[in-house]
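Topology and contacts: notes
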Amino acid sequence: MSQTKPDTLPKPGWLSDDLAYLLPMMLFMIGVWAGGHWLDSYPLTYLARAIAAGLALAVLWKRFTRIRWERWWLGIPVGVLGVIQWVAMQTWLQDHFSWFTPPAEVFNPIQYFDGHPALLWSFILFRWLIGASLVVPVMEELFWRDFVWRSFISYHDFKLAKVGEWNWRAFVGVALAFSLVHGNWWLTAIVWAAMIGWLLVRTRSLGACIVAHAVTNFLLGAYVLYTRQWNFW
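Residues numbered from 1 in each chain as written. Predicted model: local features only at pLDDT ≥ 70, side-chain atom pairs only at ≥ 80, totals over all residues. Heavy atoms only, no water.

1. Digging into the packing of aromatic side chains
For the structure shown, the criterion picks out 30 aromatic pairs. Where Trp-61 meets Phe-64, the ring centres are 6.0 Å apart and the plane angle is 90 degrees; that geometry is what we call edge-to-face. Exposure remark for Phe-64: the relative accessible area of 5% places this residue in the buried category. Centroid distance Trp-86 to Trp-192: 6.5 Å. Interplanar angle 85 degrees. Geometry classified as edge-to-face. Remark: Trp-192 occurs in helix α7 (residues 186-203) and Trp-86 occurs in helix α3 (residues 75-96); sequence separation between them is 106 residues. Overall, the relative accessible area of 8% leaves Trp-86 in the buried class. A relative accessible area of 2% places Trp-192 in the buried class. What links up through ring pairs into an aromatic cluster is the set Tyr-21, Trp-61, Phe-64, Trp-86, Phe-143, Trp-144, Phe-147, Phe-158, Phe-178 and Trp-192. (Phe/Tyr/Trp six-rings, centres within 6.5 Å; stacked < 30°, edge-to-face > 60°. Buried < 20%, exposed > 50% of the residue type's maximum accessible area, 1.4 Å probe, protein only. Helix = DSSP H or I, 4+ residues; strand = E, 2+ residues; numbered from the N terminus.)

2. As for the nonpolar core
Ranked by size, the top nonpolar core spans 60 residues in total, and within it Leu-57, Phe-64, Trp-86, Leu-142, Trp-144 and Trp-233 carry the most contacts. At the level of elements, α1 (17-37), α2 (42-59), α3, α5 (117-153), α6 (168-179), α7 and α8 (206-227) are the ones that each hand at least two residues to this core. No other element matches α5, which puts 16 residues into this core. With sequence-adjacent residues up to four places away left out, Trp-86 is seen in contact with His-182, Trp-185, Thr-188, Ala-189, Trp-192, Leu-220 and Phe-232. (Core = buried A, V, L, I, M, F, W, Y, C linked by side-chain atoms within 4.5 Å. Contact = heavy atoms within 4.5 Å.)

3. Considerations on the environment of Ala-189
Position of Ala-189 relative to the elements: it lies in helix α7. Between the C-alpha atom of Ala-189 and that of Pro-43, which follows or precedes it by 146 residues, the distance is 24 Å. In contact with Ala-189, other than residues within four places in its own chain, are Trp-86, Phe-178, Ser-179 and His-182.

4. Details of α3
In this model, α3 (22 residues) spans 31 Å end to end at C-alpha, consistent with the 32 Å of a helix rising 1.5 Å per residue. Those residues of α3 that sit buried are Gly-75, Val-78, Gly-79, Gly-82, Val-83, Gln-85, Trp-86, Val-87, Gln-90, Leu-93 and Gln-94. Buried residues along α3 sit against α7 and α8. (Expected span 1.5 Å × (residues − 1).)

5. Remarks on the layout of surface pockets
When its volume is computed, the largest pocket comes out at roughly 1,000 Å³. Lining the largest pocket are 36 residues, with Tyr-42, Arg-49, Arg-127, Trp-185 and Trp-233 sitting closest to its centre. Residue assignment for the lining of the largest pocket shows that the elements contributing at least two residues are α1, α2, α5 and α8. Of the residues that constitute the lining of the largest pocket, the class distribution is 23 nonpolar, 9 polar and 4 charged. (1 Å grid on protein atoms, 1.4 Å probe; cavity = no way out; pocket = protein on both sides within 12 Å on 5 of 7 lines; lining within 4 Å. Points joined across faces, edges and corners; volume = space filled by probe spheres on them. Nonpolar A, V, L, I, M, F, W, Y, C, P; charged D, E, K, R; others polar.)

See the structure below:
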């Protein structure tokens, strides 16, 4: 464990730093659960989870680690490589192993909003540009590559570990934990998370990881809209 000055210091207030990191992710995952159980209400549950997580991030922003943007541009090629890896690997797995078969019923916005193009494109643009390309990258990188990574290193107080500090438990543990919330994409998610973990250790820049995540999600959304393979969304 590093003995250098920590990236964050305790802040006074009614909310602990740990809960501040957990709350946006918890709100988002509740929405994921609701959307999976009530597919007919998927647009509403998606809007609710993205807005709730986004508002939580905004309200709690001062409690998070200051995001460093050094070498942020490295996130662009890593994000492009990430979407190629995600689509190619998952497609191959789905074609060869039944374990990775996508759910029989997935949300198709074109069918859902049939005859209502304004609602269709309003939802798609929000889902693609706001939810997947903005809220999710910031929320997940703060949670996985900041809070969880540093907690693996210093589980009594994550603030004692530095952002991007190398630790094999953090590298492997975050990749495995990340896969648990990605359903039938779990193996693909492990490989993708390992790439982002490498980027974090290489740059010590949470901003570079956010950029990589945003690029992957943006290009994945474009791929889904072009191919209509809604199971990738």
